[in-house]
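# Remarks on the overall topology
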Amino acid sequence: MSESPTFTLHLAILVEPYLQFILDGKKTVESRFSTRKFAPYNRVEKGDVVLLKQSSGPIVGICQVSYVWFYQLEPESWQTIKEGFATAICAQDPDFWKQREAASFATLMRIQNVKSIEPIKFVKRDRRGWVVLHQSSGQLQLDLEIL
């Protein structure tokens, strides 16, 4: 008997235009920058499922993580990210980098199987931009065929 797939379910809060870039397939790497080791840093793995929530709005999409990179930011890693990922994270605007220059940590996630879904209302009152919702060892079965 094969074991059920194990994955963690995450909630990513996104602002425009980045949410639409993901849903349109233009943005293929989601990035999170922080001053401390906040989720998803060292909390997300290949195969995890991410619900895509509009900032101050509903959940409107779902995707799966296909690869993850974690960085402790220093001049070399900043350069690696800027040169290797700017297009995939839709970060050609210099303001994108300016707003993140105080960060010490970065998580980059290649995403796949992006799907728009009917909006699902989700009440969230804190300011976290990323929430680890549920770790599964088979109890929570999402139909991965929808991914």
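It should be emphasised that the depicted structure is a prediction, and the values quoted were computed from it without experimental measurement. (Residues numbered from 1 in each chain as written. Predicted model: local features only at pLDDT ≥ 70, side-chain atom pairs only at ≥ 80, totals over all residues. Heavy atoms only, no water.)

### Looking at the packing of aromatic side chains
For the coordinates displayed, the defined rule picks out 11 aromatic pairs. When the centroid spacing of 6.1 Å and the interplanar angle of 85° are considered together, the rings of Y18 and F21 count as edge-to-face. In this pair, Y18 and F21 are both assigned in helix α1 (residues 18–24), three residues apart and thus about one turn of the helix distant. The pair Y18 / F21 is uniform in exposure class, with both members buried. Relative to W97, the ring of F33 has its centre 6.3 Å away and its plane inclined at 85°; by these criteria the two rings are edge-to-face. Taken together, the residues F33 in strand β2 (residues 29–34) and W97 in helix α3 (residues 94–98) connect sequence positions 64 residues apart. W97 shares its class with F33; the two are buried. Against the face of F21 rests K26, its NZ or CZ located 4.3 Å from the ring centre. (Phe/Tyr/Trp six-rings, centres within 6.5 Å; stacked < 30°, edge-to-face > 60°. Helix = DSSP H or I, 4+ residues; strand = E, 2+ residues; numbered from the N terminus. Buried < 20%, exposed > 50% of the residue type's maximum accessible area, 1.4 Å probe, protein only. Lys NZ or Arg CZ within 6 Å of the ring centre and 35° of its normal.)

### Here's the deal with the nonpolar core
Among the nonpolar cores identified, the biggest contains 20 residues, and F33, Y71, L73, I81, W97 and L108 are the most heavily contacted of them. Sorting the residues of this core by element identifies α1, β2, β4 (59–72), α2 (75–85), α3 and β5 (105–120) as the ones contributing at least two each. Considering each element in turn, this core owes the most residues, three residues, to α2. (Core = buried A, V, L, I, M, F, W, Y, C linked by side-chain atoms within 4.5 Å.)

### A short note on the environment of Q20
Structurally, the position occupied by Q20 is in helix α1. Measuring from C-alpha to C-alpha, the distance between Q20 and V60 comes to 9.9 Å, with 40 residues separating the pair along the chain.

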